Structures are given as structure tokens and as C-alpha cells.
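# Coordinates in review
Each chain is listed here by its residues.
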Amino acid sequence: MNKNPVGIFDSGIGGLTVAKEIKKILPQEDIIYLGDTARLPYGTKSVEAIIQFSKENTEFLISRGAKYVVIACYSSSSVALDILQKRYTVPIIGVIKSGAKKAVELTKTGKVGVIGTTLTIYSGAYEKIFKALDAQCEILGRACPLFVSLVEEGWFDHPATKLIVETYLKPLKEDNINTLLLGCTHFPLLMKVIKETMGDINYVDASREVGLELAQELKRLDLENHEGSGFISIYLTDLSMNFKEIGERFLGEPMHNVSRVALKGV
Ligand code: DGL
């Protein structure tokens, strides 16, 4: 038993999709969430920059007593997870492996499409993990950077969104993938248009998978909290004009307890 909070970080407020699933699966765990809104987006920046930002984010969460750290950001999980795991004693998981495992389970020997930010797709993190899982399926990656802006703008069902989604996903559709892995915090919010475009195939949103993995991990390490109230404190490195409106879309409930925090490098 450990009453300390679970720490979650993301480049911004998109990772609240992961926090939302963790809250559902582990309602008694208190959560401390850090969104690095001042330095968002991560998906278009260099590997070196994202590793540095990820270290600072992790150190903030550890300094606030996090007993376990979840990297909700796919871009950060792609390039920084191994480095953070080696550097800190607090256990850390990312969002890449849990989604990949689910995709392998669903597709068996089929073709898996993976969509994410430019950094996530070009990092090769998914190819590496599918190889480590000894998966028999074929992986087809596609960077969809504009999806992030569409979600931030709230254009979930806009005609422009439909056109952009169709344009990005055309090669995956032509390749007859049977499973699509959503490798970015923002993409689950475009699920409706994505499904209209891709049709009846398997879809993997790793937010739920990482929540299930975290539950197993807390049990295994005897870190569960059976007495917490599921309190979530949110720290952001910048409070943009519309952070509340967008954040509530991701979290699916009103956002309370939001504070601005200054990190070392920000
Ligand atoms: N959170 C990022 C990710 O999941 C998307 C937004 C960004 O580029 O920072 O990759």
C-alpha cells in the first residue's frame, strides 16, 4: 500500500485522455498531472530536446512524491522511456508498448498501421517494440502531424478534418491494414472521422491499455492505494487562453486544481 500519487506527464493537455482512463480503472489512486504546455508541441522537435524536457518533467513529478510515472506522451515515450527508466529509481512506463501488445493480439499476422506525430513515427520506436514482441505482423507507419492542430482547434467533425484524415490515411487504406494503432494523445478525439475513413478494422487506443498495465504494476510492486479519493492535481507550464476548454474535452469532466508551474528549463 502506498498513498502517494501516480505521476503522469505529457507535452500538453492531450495526455488527460490517459489520465481519464487511469481514473476509470484505478478510482482510488490520486494523480498528479504535468502538461508541458509552454514547450508543446513535442512531436515536431528534436530527439535531444524531448529527452531533456522529459527528464525535467519526471524530476518535477518525483519531487512532488510520485510513486510511479506514466509518460502519456507518445513522442516522449518513443525517444525517452529507456533513458528515464535507467536514470531514476521510481518505476516508469510509457504508452508505446501497451498499445503495440494489444495490436499484436488483435491482428495476429495482419498488417498494422501506426499513426502518430512526425517524431514518433520517424523514431522507429514501434518497429523496435513489435520486433521485441516477436510479432508476425507487418507495420506501416504514417506521420499525421496536422491531426494535433485539428483537435486543439476542436474540429472533430469539420469537412476540412474529413479531407485531411482521408489524405493522410489513404496509403494505409490502400495497403489493406486490418488494425490501426492510434499513437498520439490527440488522435482518439478524431476516432469518429478515422473510423468513417478506414471502415471496419481493429482500432487500438493505448490510453486504456496503459491504465490496465499500470494497475497490474501497482499490484505487483505493492504500491496500490485503497483509500484515496481519485484526486487529480494538474500542473501546466503555461496557461494558454483556451487551456480549460480543450483540457475538459480530453478529461471528459471539469478541470479543477490547475496551477502554473515553472520548470528548470522553461
Ligand atoms: N502529446 C504528443 C504525442 O502524443 C502530441 C502533441 C505534441 O506534438 O506535443 O505525441
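A quick note: this is a predicted structure, and the numbers were derived from the prediction, not measured.

Quick notes on the rules
Residues numbered from 1 in each chain as written. Predicted model: local features only at pLDDT ≥ 70, side-chain atom pairs only at ≥ 80, totals over all residues. Heavy atoms only, no water. Helix = DSSP H or I, 4+ residues; strand = E, 2+ residues; numbered from the N terminus. Expected span 1.5 Å × (residues − 1). UniProt positions renumbered as here; feature names shortened; annotations may be inferred. 1 Å grid on protein atoms, 1.4 Å probe; cavity = no way out; pocket = protein on both sides within 12 Å on 5 of 7 lines; lining within 4 Å. Contact = heavy atoms within 4.5 Å. Pairing = 2+ DSSP bridges. Axes fitted to C-alpha atoms, helices over the stretch in contact; angles between N-to-C directions. Parallel < 35°, antiparallel > 145°, perpendicular 65-115°, else oblique. Left-handed = near helix turned anticlockwise from the far one by under 90°. Near = heavy atom within 4 Å. Polar contact = N/O pair within 3.5 Å; in protein donor to acceptor, adjacent residues only side chain to side chain. Areas by Shrake-Rupley, 256 points an atom, 1.4 Å probe, with all protein chains shown as cover. Sits in = over half its atoms within 2 Å of the grid points. Nonpolar A, V, L, I, M, F, W, Y, C, P; charged D, E, K, R; others polar. Buried < 20%, exposed > 50% of the residue type's maximum accessible area, 1.4 Å probe, protein only. Right-handed = clockwise from strand over helix to strand, strands pointing away.

Spanning 12 residues, helix α4 (residues 96-107) covers 16 Å between terminal C-alpha atoms, matching the ideal 16 Å at 1.5 Å per step. Positioned one or two residues after α4, Lys108 has a phi angle of 60°, which is positive.

What follows deals with the UniProt feature "active site" (unreviewed entry) in the protein. UniProt's feature table lists "active site" (unreviewed entry) at Cys73 and Cys184, given in the numbering used throughout. Taken along the chain, the residues just named run across 112 residues; in space they keep tight, none of their C-alpha pairs more than 7.0 Å apart. Lining the second largest pocket, out of the annotated residues just given, are Cys73 and Cys184. Relative to the elements of secondary structure, Cys73 occurs in the loop between β3 (68-71) and α3 (74-87). Once residues lying within four places of it in the same chain are set aside, the contact partners of Cys73 are Phe9, Asp10, Ser11, Tyr42, Val95 and Thr185. Tracing the backbone through its elements, the reader meets Cys184 in the loop between β7 (179-183) and α9 (191-198).

So, on to the sheet that holds strand β10 (residues 258-260). Read from one edge to the other, the open sheet built from six strands follows the order β4-β3-β1-β2-β9-β10, with strand pairing classed as parallel. Looking at the sheet topology across the chains shown, the edges are occupied by β4 (92-93) and β10. Bridge analysis of strand β1 (residues 6-10) against strand β2 (residues 31-35) gives five bridges, and the strand direction is parallel. Each residue of the ladder has a partner; that of Asp10, found in β2, is Gly35. Sheet contacts for helix α2 (residues 47-63): β1, β2, β3, β4 and β9 (232-236); angle to β1, the most-contacted strand, approximately 155°.

The relative placement of two packed helices comes down to the angle between their axes together with the axis-to-axis distance. Across the interface, helix α1 (residues 16-25) lies against helix α10 (residues 206-220) with an axial gap of 8 Å and an inter-helix angle of 45°. As the angle between them shows, α1 and α10 are arranged oblique. Two packed elements cross with a definite hand, and for α1 against α10 that hand is right-handed. Every residue of α10 that contacts α1 at Thr17, Val18, Glu21, Ile22 and Ile25 is listed here: Ser207, Arg208, Val210, Gly211, Leu212, Leu214 and Ala215.

If you trace the four strands from one edge of the open sheet to the other, you get β6-β5-β7-β8, paired in parallel fashion. On the outer flanks of this sheet lie β6 (138-143) and β8 (202-205), each paired with one strand and no other. Between one strand axis and the next, the sheet turns through 20° on average, direction left out of account. Two strands pair when backbone bridges link them, and strand β5 (residues 111-116) and β7 are joined in this way by five bridges, in the parallel orientation. Looking across to β7, one finds that Gly113 is bridged to Leu180.

Around the ligand lies a shell of 13 residues, among which Asp10, Ser11, Tyr42, Gly43 and Ser75 are the nearest. At 3.1 Å, a backbone N or O of Tyr74 approaches an oxygen atom of the ligand. Contact with the protein chains hides 99% of the accessible area of the ligand, taken as 290 Å² for the molecule alone. According to the grid-proximity analysis, the pocket containing the ligand is the second largest pocket. Looking at side-chain class alone, the shell around the ligand contains six nonpolar, six polar and one charged residues.

A separate point is the pairing of β3. What you see with β3 is no split at all: Tyr68 and Val70 on one side and Val69 and Ile71 on the other are buried throughout. Pairing analysis gives four bridges linking β1 to β3, with the strands arranged parallel. Following the sheet pairing, Ile8 is matched in β3 by Val70. Across two bridges, the pairing between β3 and β4 is parallel. Following the sheet pairing, Val70 is matched in β4 by Ile93. The parallel pair β3 and β4, bridged by α3, forms a crossover whose chirality is right-handed.

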